[in-house]
Protein chains: 2
Amino acid sequence: MVVDASLRRTLHKRGMRMTPQRQLVLDAVRDLHHATPEQICEHVQRVAPAVNITTVYRTLDLLEGLDLVRHTHLGHGAPSYSTHAHEHVHLVCHRCGDVTEVPPAALTNLTEQLGARFGFVLDCSHLALSGRCSRCVEHAETAAEVNGS
Amino acid sequence: MVVDASLRRTLHKRGMRMTPQRQLVLDAVRDLHHATPEQICEHVQRVAPAVNITTVYRTLDLLEGLDLVRHTHLGHGAPSYSTHAHEHVHLVCHRCGDVTEVPPAALTNLTEQLGARFGFVLDCSHLALSGRCSRCVEHAETAAEVNGS
DNA sequence: TTAGGTGCAAACTTTTTGCCTCCGA
DNA sequence: TCGGAGGCAAAAAGTTTGCACCTAA
């Protein structure tokens, strides 16, 4: 997807090789928007059935090292990979596991503070915030008294 | 730790039984501050060597359902369990996996916004924010041009 | 007494490693 | 050509399940 030559250059710059698998995995991450390694593998295998899940893991590691993709742990299970292009914040409910996507605009304040005070560059493009969704808040009252005592 | 009777009451209220294992696991989570199931198990086994890792998993699930503990995925590996009492925000570096703890004060703005606009109750007591730590920011420049093109 | 809870072993899922072959530069 | 990369199989890490026995209520 447009960037083929760029991936090749980036790899060569570090003495690494361009391979069809690496392009396919990168394309899959771009196409799928936060997908698990297994989903990425399935997607790649539609075009190249011989590609192994091991290669997908190794390539995702590599691409993450090159800062071309990243991963976030949304719910319990497998991590979720995406590119910088896919911008939003995830609100993950502790209790029911529900994930809501919201625009990253609300974070500009926080980003500035963390940068100024800790030198930490917050990744607003793919952030997971944990808490409790509106539905589950209503169920929380019963247990609250235990913590309060 | 003080709350023994409270745990028993909470369990009985739901037709569940109080057991030494449940108290030990809850105490371990309180003592250890964000520990993995395996670490919790080891801690419990110092006092009660026969307690099985299976029981730890089952009990953590149970206690989370009772809203007495919670878990967060910090880095790659195992989840990290803690209680509400342990208040801080984790800054997790995407690149090197480093985790910095900062006070949750910076989040008051964000908490209000998310509550007002989405009904989402952000859990400030044990939040993981992903991004890049100050050291790794310096290494990022080399790859940046690829994304920019 | 008796149903819920535990321990143990085995299965399962997800990820990593070793090793040999293959192929990109 | 030749060392990095991929495929395959096995191992490791993390978690869940089945079942018989035990114990809190």
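Please read all numbers here as calculations on a predicted model, not as lab measurements.

A. Summary view of the packing of helix H3 (residues 37–47) of chain B against helix H4 (residues 53–65) of chain B. Residue and element names in this part refer to chain B. At a closest axis distance of 9 Å, the pairing of H3 and H4 adopts a crossing angle of 115°. In the packing of H3 onto H4, the handedness of the crossing is right-handed. Here Pro37, Glu38, Ile40 and Cys41 of H3 come into contact with H4, specifically with Ile53, Val56, Tyr57 and Leu60. Partitioning the contact of H3 with H4 into residue classes produces seven nonpolar, no polar and one charged.

B. Structural detail: H3 of chain B. Residues and elements named next belong to chain B. The set of residues buried in H3 consists of Pro37, Ile40, Cys41 and Val44. Summarising the axial view, the buried residues of H3 lie within an arc of 100°, below the 170-degree limit, and thus occupy one face. For H3, the exposed residues lying more than 90 degrees away from the buried face are Glu38 and Arg46. Along its buried surface, H3 packs onto helix H2 (20–32), H4 and strand S2 (80–82).

C. Structural view of the interface of chain A and chain B. Taken together, the contacts link 51 residues of chain A with 50 residues of chain B. Taken together, the connections running from chain A to chain B amount to two salt bridges. Linking chain A with chain B are eight residue pairs in polar contact (both at pLDDT 80 or more), by the criterion used here. Element by element, the count of residues in the side of chain A that touches chain B is highest for strand S6 (residues 126–132) of chain A, at seven residues.

D. Summary view of the protein's contact with DNA strand D. Near DNA strand D lie 21 residues; those nearest to it are Arg17, Arg22 and Thr55 of chain A together with His12 and Tyr57 of chain B. Contact distances for DNA strand D include 3.2 Å between a base oxygen and a side-chain N or O atom of Arg17 of chain B. Between DNA strand D and Tyr57 of chain B there is a distance of 2.6 Å, counted from a phosphate oxygen to a side-chain nitrogen or oxygen. Of all the secondary-structure elements, those providing two or more residues to the surface near DNA strand D are helix H2 (20–32) and helix H4 (53–65) of chain A together with helix H1 (4–13), H3 and H4 of chain B.

About the thresholds
- Residues numbered from 1 in each chain as written.
- Chains lettered and ligands numbered in written order.
- Predicted model: local features only at pLDDT ≥ 70, side-chain atom pairs only at ≥ 80, totals over all residues.
- Heavy atoms only, no water.
- Axes fitted to C-alpha atoms, helices over the stretch in contact; angles between N-to-C directions.
- Helix = DSSP H or I, 4+ residues; strand = E, 2+ residues; numbered from the N terminus.
- Left-handed = near helix turned anticlockwise from the far one by under 90°.
- Contact = heavy atoms within 4.5 Å.
- Nonpolar A, V, L, I, M, F, W, Y, C, P; charged D, E, K, R; others polar.
- Buried < 20%, exposed > 50% of the residue type's maximum accessible area, 1.4 Å probe, protein only.
- Arc of directions from axis to C-beta.
- Salt bridge = Lys/Arg side-chain N within 4 Å of Asp/Glu carboxyl O.
- Polar contact = N/O pair within 3.5 Å; in protein donor to acceptor, adjacent residues only side chain to side chain.
- Near = heavy atom within 4 Å.

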